[in-house]
Amino acid sequence: MRNWLSAVGSRLSGKTETMEVPTADGRQPTAREPNWRLLYGAVIIELALLIIIFYAFTKAFA
Amino acid sequence: MRTIDWVVLIGTLAVIVAYGTWKGRHKKDLHGYLLAGRELKWPTIALSIMATQASAITFLSTPGQAYTDGMRFVQFYLGLPIAMVILSITAVPIYHRLKIFTAYEYLETRFGVGTRTLTSLLFLIQRGLSTGITLYAPALIVSVILGWNIHVTNVVVGLLVVIYTASGGTKAVSRTQVHQLLIALGGMAVALIIAIHSLPQDVTLVEAFRVAGRMGRLNAIDFRFDPKTQYNFWSGLIGGAFLALSYFGTDQSQVQRYLTGSSITESRLGLLINGMVKVPMQFFILFVGAMVFVFYQFVAPPLFFNTVQRAKVSTSQYASEYEKLEAQHQTQFTEKRADVKRLLTAMRAHDDAATAAATAALRNVQERETATRTAAASLINRTQPGADNSDTNYIFLTFVIDYLPAGVVGLVLAAIFCAAMSATSSGLNSLASTTVVDIFRRLGKPHATDAECVRLSKLATIAWGLFAIAFAEFANRLGSLIEAVNKLGSLFYGTILAIFLLAFYTKRVSGTAAFLGALIGEAAVVWCAVATDLAWLWWNVIGCVVGVAAALIVQRFVPEQDLRVSASSADEVFDPQMSAD
């Protein structure tokens, strides 16, 4: 769990970009990018969820 | 205000100014002064972007907006997350790759110096005036509610901002904004808790929601399409997306925030976190206003929240008429409170018929109360023609001053001034950047040294600060201030966005065509504002669509050799090489 949270945190923080990933043969470390499609999707899905929640909120108390 | 409130207020502001000045020291070159050395990480960028947009107006006017009009204003922000995604994909890699100081520099590489200068000037006009309103808003409201001198408040707050913005530059602005936003949100959270806690003991939170909902204050989403309605789902999603694209993608006060990112990744994450947090944040602030509204269903509110206008009408020839309205308002409040209690009893008993009857009665008395408030506003207008007859901006602070405990009042006031300072500092910082980089260094002295430019940036910050203070002295009669700022922006944003879209996505549009297209787009927006009653969020769409279409048509008549396609044009927008630093 802790490892998973740490992985998500570093992925979101962008530290992954400068994170050194050792290669099998010990050559120059490579850099990793966050999964942008996943992040863009998360933003749009969150918006859709908010709209649904706000609509339900409006209807529930109207 | 009590001593403890003063201690909290002055202490908070002093710490912020000292912190900003200290954080921004050692910035000798232009890169360090205007872009914080491009070393900021996404949490700072995200909070800085949010703090730039969330001025004192957001924290004062938005709860009042929920009180008078319900929560539908939240729809205004629905297009923002979409805009954040689009900008992360398109604008951020281009700006980073070109290593520019301002968004307008990019336009020269595509359309030439004329278009760059036009957009820079449009920005300077619009942002210069908006920064004045940003400064004026809290000064006006505090002067009315607490009786402070508006001129002194304007000058003191304005000078405090100028001190750390001019001395520390962008780094000081961004670092202080993190703390300012957290203080502002903390103050609002405390106000919300106390508003809910101040409701009668027997009223639960869900019951408070139901009262607010049945009186039309929890109307967050409205799917009906009406181009004349300011806030509905469609205007928010479409018009709001255009406005956000323009504001975050082309307004230097925002672009400068994410240009400080140490990489494309940091800048993108800053924008995307803003896209995820902004809508819930605005919902929260509006919700504070809805709860203040519920609070005033059990405690009598004043007929008109602006005490200065109230005092004026009470000593005028209309005094007896106003007194009658106050008596009428008091009777309506008593009737309304009884109806609210009847509604709560009916809901607790799950009696649908009685609930419907109580709701109808409540809405009826609410309508009559609104009519009484409108009559009071028109009386105030007759007493002093042209006076501010909207009291939306005064509702929240009246509640804070009258009902919040000692210390918390100081905290909320500190929160409001922090928000004012954060938005003003971004405004001044970006105005100085554009003045120096796009006007002075480009048109005046191209070979100016870094030291000269830094010195001039500091002077420009001070000069724009003085301009904002001077404009703040005249920025009255604007109605709801949050609307005023966004309306003013919407006059220009569509056109500016059109220029940037042409630059990003078209290969064969020349600078001349883009320039003329922008002028035609701007003329269309001005016509909409002056001659139609189209809701102002749509001005952004009109300016952008007309601007782009006009440029494409004009291009047909421009000679081929006029084309100027640069390395940063459409082909390279999605170049995979550009997605990495």
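Small disclaimer: the values here were computed from a predicted structure and weren't measured.

Enquirer: What is the right way to look at the overall build of chain B in this model?
Expert: Counting its secondary structure elements, chain B contains 22 helices and zero strands. The C-alpha atoms of chain B give 25 Å as radius of gyration, which agrees with the globular expectation for 581 residues (25 Å, within 12%). By principal-axis analysis of the C-alpha atoms, chain B measures approximately 75 × 50 × 45 Å. Of all intrachain contacts in chain B linking residues separated by at least 6 positions in sequence, the fraction that spans at least 24 positions is 86%.

Enquirer: Mind showing me how you'd approach the confidence of the model for chain B here?
Expert: Interpretation of the predicted coordinates at a detailed level should be avoided for regions scoring low in pLDDT. All names here are of chain B. The predicted model of chain B averages 86 in pLDDT, with 93% of residues at 70 or higher. For chain B, per-element mean pLDDT is lowest for helix α20 (residues 481–505), which scores 80, and highest for helix α5 (residues 80–89), which scores 95. Contacts of residues 564–581 to residues separated by more than four positions or lying in other chains number 31 contacts, the stretch itself having pLDDT below 50. Across the interface, the model reports ipTM at 0.83; the global pTM reads 0.84.

Enquirer: How do you make sense of the packing of helix α6 (residues 91–98) of chain B against helix α13 (residues 264–295) of chain B when you look at a structure like this?
Expert: The description of two packed helices rests on the angle between their axes and on the distance between the axes. All names here are of chain B. It is the contact of α6 with α13, at a shortest axis distance of 10 Å, that shows an interaxial angle of 145°. Handedness of the α6/α13 crossing: right-handed. Residue-level inspection shows Val92, Pro93 and His96 of α6 in contact with α13, the latter providing Ile264, Ser267, Arg268 and Leu271. Tallied by class, the residues present in the contact of α6 with α13 amount to four nonpolar, two polar and one charged.

Enquirer: Just to check I follow, could you spell out unusual backbone geometry for this structure?
Expert: Peptide bonds are, in most cases, trans, and in most cases residues other than glycine have a negative phi. Located in the positive-phi region is Ala36 of chain B, a residue other than glycine, with phi close to 50°. In this fold, Ala36 of chain B is placed in the loop between α2 (30–35) and α3 (42–53).

Enquirer: Could you clarify how one ought to interpret the interface of chain A and chain B in this entry?
Expert: Residue-level contacts link 19 residues of chain A with 24 residues of chain B. The element best represented in the side of chain A that touches chain B is helix α3 (residues 36–61) of chain A, accounting for 13 residues. Along the lines of polarity and charge, the residues of the side of chain A that touches chain B split into 13 nonpolar, three polar and three charged.

Enquirer: Looking at this structure, I do not really get the domain arrangement of chain B. What am I missing?
Expert: Interface size is commonly expressed as the accessible area that is lost once the parts come together. Residues and elements named next belong to chain B. Here the domain parsing of chain B yields domain 1 (3–296 + 402–476) and domain 2 (307–387). Computed from C-alpha atoms alone, the centre-to-centre distance between domain 1 and domain 2 is 34 Å. Across the boundary between the two partners, domain 1 contributes eight residues, which contact nine residues of domain 2. For the side of domain 1 that touches domain 2, the elements supplying multiple residues, two or more each, are α8 (113–146) and α10 (205–214). At four residues, α10 tops the list of elements feeding residues into the side of domain 1 that touches domain 2.

Enquirer: What is the right way to read the packing of α3 of chain A against α5 of chain B from this model?
Expert: Contact geometry for α3 of chain A and α5 of chain B: axes closest at 9 Å, N-to-C directions at 170°. As the angle between them shows, α3 of chain A and α5 of chain B are arranged roughly antiparallel. For the pair formed by α3 of chain A and α5 of chain B, the contact residues are Tyr40, Val43, Ile44 and Leu47 of chain A on the first element and Pro81, Met84 and Val85 of chain B on the second. A class-by-class count of the residues in the contact of α3 of chain A with α5 of chain B yields seven nonpolar, no polar and no charged.

Enquirer: In this structure, what is going on with helix α7 (residues 103–111) of chain B? I would like to understand it.
Expert: Side chains three or four residues apart in an α-helix point the same way, a direct result of the helix having 3.6 residues per turn. Residues and elements named next belong to chain B. Counting buried residues in α7 gives seven out of nine residues, a clear majority hidden from the surface. Listed as buried for α7 are Ala103, Tyr104, Tyr106, Leu107, Glu108, Arg110 and Phe111. Positive backbone phi, at 100°, marks Gly112, one or two positions downstream of α7.

Conventions and cut-offs
Residues numbered from 1 in each chain as written. Chains lettered and ligands numbered in written order. Predicted model: local features only at pLDDT ≥ 70, side-chain atom pairs only at ≥ 80, totals over all residues. Helix = DSSP H or I, 4+ residues; strand = E, 2+ residues; numbered from the N terminus. Rg over C-alpha atoms; globule rule 2.2 N^0.38 Å. Contact = placed C-beta atoms within 7 Å. pLDDT = per-residue confidence, 0-100. Axes fitted to C-alpha atoms, helices over the stretch in contact; angles between N-to-C directions. Left-handed = near helix turned anticlockwise from the far one by under 90°. Nonpolar A, V, L, I, M, F, W, Y, C, P; charged D, E, K, R; others polar. Domains from an automatic or database assignment. Parallel < 35°, antiparallel > 145°, perpendicular 65-115°, else oblique. Buried ≥ 20, exposed ≤ 12 C-beta atoms within 10 Å, placed from the backbone.

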